[in-house]
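# Survey of secondary and tertiary structure
As a plain string of letters, each chain reads:
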Amino acid sequence: RGSIPLPAAINAGLRICPTVWCAMRSADDAPLPYYYADLLDALDAMPDADVVSVGAQAMNEAGDKTCIMPAAPMVAGQNPQILGTSPFRKAMWEKVGGMDETTPIFDGAFWIDCVREGAKVKVMPGCSWLFRERPDSFSRTMIYPQREALWADVLKRHPYTKETTP
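No experiment lies behind these values; they were computed from the predicted model shown. (Residues numbered from 1 in each chain as written. Predicted model: local features only at pLDDT ≥ 70, side-chain atom pairs only at ≥ 80, totals over all residues. Heavy atoms only, no water.)

When helices and strands are counted, the protein chain shows six helices and six strands. For the protein chain, the succession of helices and strands along the chain, N to C, is α-β-β-α-β-β-β-α-α-β-α-α. A sequence separation of at least 24 residues applies to 76% of the contacts in the protein chain between residues at least 6 apart. Here the protein chain displays about 9300 Å² of accessible surface, and carbon together with sulfur accounts for 57% of that area. (Helix = DSSP H or I, 4+ residues; strand = E, 2+ residues; numbered from the N terminus. Contact = heavy atoms within 4.5 Å. Areas by Shrake-Rupley, 256 points an atom, 1.4 Å probe, with all protein chains shown as cover.)

Another point: the nonpolar core. Side chains of nonpolar character tend, in soluble globular proteins, to be buried together. Judged by nonpolar contacts, the single largest core of 17 residues is most densely connected at M24, V51, F88, M99, F110, W111 and C114. Of all elements in the fold, only α1 (6–16), α3 (90–96) and α4 (106–116) reach the threshold of two or more residues within this core. Element by element, the count of residues in this core is highest for α4, at four residues. Filtering out sequence-adjacent residues up to four positions away, M99 remains in contact with P7, I10, N11, M24, F88, W93, F106 and F110. Within the second largest apolar cluster, twelve residues are counted, among which are A42, L43, V52 and V54. (Core = buried A, V, L, I, M, F, W, Y, C linked by side-chain atoms within 4.5 Å. Buried < 20%, exposed > 50% of the residue type's maximum accessible area, 1.4 Å probe, protein only.)

Summary statistics for the protein chain give a mean pLDDT of 75 and a share of 67% for residues scoring 70 or more. Mean pLDDT across the secondary structure elements of the protein chain bottoms out at helix α5 (residues 138–143), with 62, and peaks at α3, with 95. With pLDDT under 50 throughout, residues 72–77 is counted as low confidence; its partners more than four residues away or in other chains account for seven contacts. (pLDDT = per-residue confidence, 0-100.)

The next point concerns the pattern of salt bridges. This model, assessed by the stated rule, comprises three salt bridges. Of the charged contacts in the structure, one is a salt bridge between R116 and D113, with a shortest N-O distance of 3.0 Å. Separated by three residues within a single helix, R116 and D113 lie in helix α4, roughly one turn from each other. Note on R116: relative accessible area 39%, which makes it partly exposed. A salt bridge links R116 to E117; the nearest nitrogen and oxygen atoms lie 3.0 Å apart. (Salt bridge = Lys/Arg side-chain N within 4 Å of Asp/Glu carboxyl O.)

What follows deals with the packing of aromatic side chains. For the coordinates displayed, the defined rule picks out four aromatic pairs. Centre to centre, the rings of F88 and W111 are 5.8 Å apart; their planes meet at 75°, and the pair counts as edge-to-face. Separated by 23 residues along the polypeptide, F88 in strand β5 (residues 88–89) and W111 in helix α4 bring together distant segments of the chain. Residue class for F88 comes out buried when judged on its relative accessible area of 1%. We classify W111 as buried; its relative accessible area is 5%. Taken together, the ring pairs connect F88, F110 and W111 into an aromatic cluster. (Phe/Tyr/Trp six-rings, centres within 6.5 Å; stacked < 30°, edge-to-face > 60°.)

Okay, here's the thing in structure tokens:
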């Protein structure tokens, strides 16, 4: 909140945070009841992971839910989709130089940088987060209206990726 841009605030917080694992979440995100217990089990089972991809459900204003980003086992030669709430090692954040403070889609740029830097991305199966779509949410007001232009900018600055859609 306030006048500091979100990626700059995240970077400032992570600089002083004495932790091994980190995760971001916004006011739109809510962990489902079993998430933390399942996450601790997943981290124990994946000691070599740098990023743990988690899935989410979207819930609209009417309360309808849809699985929007299911975490699935990796397909040969492809990385799983990585949701903004996916936990990551602070060492990986340090390795890529932090969050990109020049774009609202800083988490997308961050995940691309992690993969480029050789992050071991593991998958925690299932949907463990609830993304509450609200008319006043950051995604609806800042990202959705300019999504294509924002992703084009991220991909232009990350030409080593072959992704054409987020």
